[in-house]
Amino acid sequence: MLVERSNTANARPVTSPQMVPYAGFPAHVTPRVGDLVTVTDDWPGAAVAAIPVCHWIQGMPKSLPNGGFSVAGTQLAPTPLLENMGKKRIQVCILDTELPTAQVLATRTA
């Protein structure tokens, strides 16, 4: 994964893009250019690793025509984790991103 500085206020600048392995992502999620990560030197088995920056949202998933979903007004990329959820309130852990759609890392019942 190529890691560069984000446009967000809390990001610390890097002098040049760096290649680091990513860790802590579920098998169904591959970080995209624009997804936010934290680079740490405290990950078992790696000198440095890019790990997910994420947060939880809550609501009822709504299917979108593009195959993605919407939860609590947040546009989500297509994911098998939200298929067949029906109309029940859930919590969704999403990868923070600068892109128009977020990726889903995990779900749980609300």
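Note: the structure precedes this text.
Quick look at the structure, then. (Residues numbered from 1 in each chain as written. Predicted model: local features only at pLDDT ≥ 70, side-chain atom pairs only at ≥ 80, totals over all residues. Heavy atoms only, no water.)

1. Quick notes on the overall build of the protein chain
Secondary structure assignment for the protein chain yields 0 helices and 10 strands. Traced from its N-terminal end to its C-terminal end, the protein chain shows the element sequence β-β-β-β-β-β-β-β-β-β. Taking all 110 residues of the protein chain together, 36% fall into the buried category. When contacts within the protein chain are restricted to residue pairs at least 6 apart in sequence, those whose partners lie at least 24 apart make up 51%. Total accessible area on the protein chain is roughly 7000 Å²; 53% of this is exposed by carbon and sulfur atoms. (Helix = DSSP H or I, 4+ residues; strand = E, 2+ residues; numbered from the N terminus. Buried < 20%, exposed > 50% of the residue type's maximum accessible area, 1.4 Å probe, protein only. Contact = heavy atoms within 4.5 Å. Areas by Shrake-Rupley, 256 points an atom, 1.4 Å probe, with all protein chains shown as cover.)

2. Overview of the nonpolar core
In this structure, Ile57, Phe69, Val71, Leu76, Leu82, Met85, Ile90, Val92, Ile94, Ala102 and Val104 together form the largest nonpolar core, which totals 11 residues. For this core, the elements supplying multiple residues, two or more each, are strand S7 (69-71) and strand S9 (90-95). Among the elements that take part in this core, S9 stands out by supplying 3 residues, more than any other. Residues contacting Ala102, with those up to four places away along its chain left out, are Arg32, Gln75, Leu76, Ala77, Ile94, Leu95 and Thr97. Counting 5 residues, the second largest nonpolar core, distinct from the first, contains Phe25, Val29, Cys93 and Leu95. (Core = buried A, V, L, I, M, F, W, Y, C linked by side-chain atoms within 4.5 Å.)

3. Things to note about the sheet that holds strand S6 (residues 62-63)
If you trace the 3 strands from one edge of the open sheet to the other, you get S6-S7-S8, paired in antiparallel fashion. Only two strands of the sheet have a single neighbouring strand rather than two, namely S6 and strand S8 (74-76). The sheet contact formed by S6 and S7 spans 2 bridges and is antiparallel. Along S7, the bridge assignment pairs Ser63 with Phe69. (Pairing = 2+ DSSP bridges.)

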